[in-house]
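Structure assessment
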Amino acid sequence: MKKPAVLAVLFATTLLATPAVADDFPSAISVSGEATISAAPDLAQIDAGVANEAKSAKEASDANNAAMGKVLLALKGAGVAEKDYQTSRLSLQPQYGQNKSTGASPVVGFRASNRVTVKIRDVTKVAGIIDTLVNAGANDIGNISFEVTQASKLLDDAREQAVADARRKAEIYAKATGVTLGAPLGVSEGGGPVPLFKARMAPAPMAAAPAAVAPGEETLSVTVNVSWAIKPKEQ
């Protein structure tokens, strides 16, 4: 007959030992804020190269070295500093033919290629540098990319705007739910500068029309996630 009393005591003890979860995890409003800033790029990067084919590996390699030598001299003559161009890929590969009678694929020649990556610190000179490369013998112009090198200050401005955007949203939710915002509980950043804009250019012939290049603008974006404590609206 004493079991109910014992169960009641155990139940009460359990309640007292249970932590107040609500006190450990205060109510909050969590929102994301966003901001974007556009800026003109101040650096361009071009990938260019020369390719040559010959009967022997040595002939192909010699011809390719001579062709790339002319390209590098042209870059130097155009005012591009040596630190701003670098070999990015060098290859020498056999070329195979087709023997219809035997079905074999004999080596009929070799193809040598050499590519160089060029940084252009004055984007107004991009079109001129491309023309210089083509006129010097570059017969493969690859990717062109533009970027903003001094993006830190712009991103700091965007971060401030993103936090302000998050607060604006949080205040809307607080008003709609009849509470007021307290102190921020946490801030985290997501996102960052968007990927660099890249334009693909087709291989350029020896006698190409002057290059037309539009740098446009780069867009830097920031997203922040902010949580605010909330409290009852003061009467």
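Moving on, we get to the overall build of the protein chain. Helix and strand content of the protein chain: five helices and eight strands. Start at the N end of the protein chain and walk to the C end: the helices and strands fall as α-α-β-β-α-β-β-α-β-α-β-β-β. Within the protein chain, the fraction of its 235 residues that count as buried is 30%. With the model as given, the accessible surface of the protein chain reaches about 14800 Å², and the carbon-plus-sulfur share is 57%.

Let's shift gears to helix H5 (residues 152–177). In this model, H5 (26 residues) spans 37 Å end to end at C-alpha, consistent with the 38 Å of a helix rising 1.5 Å per residue. If you check which residues of H5 are buried, you get Leu155, Ala158, Ala162, Asp165, Ala166, Ala170 and Ala174. Buried residues belonging to H5 abut strand S1 (28–39), strand S6 (179–190) and strand S8 (218–232). Within two residues after H5, glycine 178 carries a phi angle of roughly 75°, on the positive side.

Mapped onto the fold, asparagine 64 is located in helix H3 (residues 57–77). By relative accessible area, which is 2% here, asparagine 64 ends up buried. Among the polar contacts listed, one links the side chain of asparagine 64 to the backbone oxygen of alanine 112, at a separation of 3.2 Å. The contacts of asparagine 64, once residues within four sequence positions are left out, are Val50, Ala51, Asn52, Ala112, Ser113 and Asn114.

We now examine the nonpolar core. Counting 25 residues, the largest nonpolar core has Ile46, Val71, Leu75, Val126 and Leu133 as the members making the most contacts within it. Going through the elements one at a time, strand S2 (43–54), H3, strand S4 (107–120), helix H4 (126–136) and strand S5 (140–147) are the ones with two or more residues in this core. The biggest single contributor to this core is H4, with six residues. Listed in part, the 20 residues of the second largest apolar core include Ala162, Leu181, Leu220 and Val224.

Within S2, nine of the twelve residues are buried, leaving the element largely enclosed by the surrounding structure. Relative to S5, S2 runs antiparallel, the two sharing six bridges. Residue pairing for S5: glycine 49 is matched across the bridge by aspartate 140. Pairing of S2 with S4 involves eleven bridges; the strand directions are antiparallel. From the neighbouring strand, isoleucine 46 faces S4, where its bridge partner is valine 118.

On to the packing of H3 against H4, then. It is at 8 Å that the axes of H3 and H4 come closest, and there the two elements cross at 150°. Taken together, the axis directions place H3 and H4 in an arrangement best described as roughly antiparallel. Every pair of crossing elements has a handedness; the one defined by H3 and H4 is right-handed. For the pair formed by H3 and H4, the contact residues are Ala67, Lys70, Val71, Ala74 and Leu75 on the first element and Ile129, Thr132, Leu133 and Ala136 on the second.

What follows deals with the pattern of salt bridges. The final tally for this structure, using the stated rule, is twelve salt bridges. Where aspartate 84 meets arginine 121, a salt bridge forms, and the shortest distance between an N and an O atom there is 2.8 Å. Here aspartate 84, found in the loop between H3 and strand S3 (85–96), pairs with arginine 121, found in the loop between S4 and H4; they are 37 residues apart in sequence, far enough to count as distant. Here arginine 159 and glutamate 189 are joined by a salt bridge, their closest N and O atoms 2.8 Å apart. Of this pair, arginine 159 sits in helix H5 while glutamate 189 sits in strand S6, and the two are 30 residues apart along the sequence.

Rules and cut-offs
- Residues numbered from 1 in each chain as written.
- Predicted model: local features only at pLDDT ≥ 70, side-chain atom pairs only at ≥ 80, totals over all residues.
- Heavy atoms only, no water.
- Helix = DSSP H or I, 4+ residues; strand = E, 2+ residues; numbered from the N terminus.
- Buried < 20%, exposed > 50% of the residue type's maximum accessible area, 1.4 Å probe, protein only.
- Areas by Shrake-Rupley, 256 points an atom, 1.4 Å probe, with all protein chains shown as cover.
- Expected span 1.5 Å × (residues − 1).
- Contact = heavy atoms within 4.5 Å.
- Polar contact = N/O pair within 3.5 Å; in protein donor to acceptor, adjacent residues only side chain to side chain.
- Core = buried A, V, L, I, M, F, W, Y, C linked by side-chain atoms within 4.5 Å.
- Pairing = 2+ DSSP bridges.
- Axes fitted to C-alpha atoms, helices over the stretch in contact; angles between N-to-C directions.
- Parallel < 35°, antiparallel > 145°, perpendicular 65-115°, else oblique.
- Left-handed = near helix turned anticlockwise from the far one by under 90°.
- Salt bridge = Lys/Arg side-chain N within 4 Å of Asp/Glu carboxyl O.

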